[in-house]
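A structural walkthrough
The lines below spell out each chain.
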Amino acid sequence: MAGKVKNKLPLPELFISSTAKRALQTCQIIKNQINKNIPISEYREIYTGGKSEISKIIRTIENDTKCISIFGHNP
């Protein structure tokens, strides 16, 4: 999956992940394949809050960030 992201999409400048162990592990795997220097921000709200909480998180990101990747899970 990381190869597809790396070759087809703009590269993320930031990774956002749920604090859920599996979501965070997947995020770290993808990040390490794309660029180990990209930061990961962890949010428990993704684990419990669904789409509305994800929308709130996205609105807090600096406007000059052009591409992010979000990792979550099914509750």
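To start, this report covers the structure provided alongside it. (Residues numbered from 1 in each chain as written. Predicted model: local features only at pLDDT ≥ 70, side-chain atom pairs only at ≥ 80, totals over all residues. Heavy atoms only, no water.)

So, about helix α3 (residues 44-59). What sets the pattern is the α-helix's 3.6 residues per turn: residues three or four places apart point alike. For α3, spanning 16 residues, the distance from its first C-alpha to its last is only 16 Å, which falls clearly below the expected 22 Å at 1.5 Å a residue. Along its length, α3 reaches its greatest deviation from straightness, about 145 degrees, at G50. (Helix = DSSP H or I, 4+ residues; strand = E, 2+ residues; numbered from the N terminus. Expected span 1.5 Å × (residues − 1). Bend = angle between axes of the 7 residues up to and from the residue.)

Here we take up the side chain of S69. Within the element layout of this structure, S69 appears in strand β3 (residues 68-71). Apart from residues no more than four positions distant in its own chain, S69 is found in contact with P12, L14, F15 and I16. (Contact = heavy atoms within 4.5 Å.)

Next up on the list: helix α2 (residues 21-34). The first and last C-alpha atoms of α2 sit 20 Å apart over 14 residues, in line with the 20 Å expected at 1.5 Å per residue. Of the residues making up α2, those classed as buried are A23, L24, C27, I30, K31 and I34. Relative to the axis of α2, the buried residues are bounded by an arc of 130 degrees and lie together on one face. Turned more than 90 degrees off the buried face of α2, the exposed positions are K21, R22, I29 and Q33. (Buried < 20%, exposed > 50% of the residue type's maximum accessible area, 1.4 Å probe, protein only. Arc of directions from axis to C-beta.)

Moving on: the sheet that holds strand β2 (residues 40-43). One open sheet accounts for 3 strands, arranged β2-β1-β3; its pairing is parallel. Each edge of the open sheet is held by one strand with a lone partner, namely β2 and β3. For this sheet, the mean inter-axis angle between neighbouring strands, taken without regard to orientation, is 20 degrees. In the sheet, strand β1 (residues 14-18) pairs with β2 via 4 bridges, with the strands oriented parallel. (Pairing = 2+ DSSP bridges. Axes fitted to C-alpha atoms, helices over the stretch in contact; angles between N-to-C directions.)

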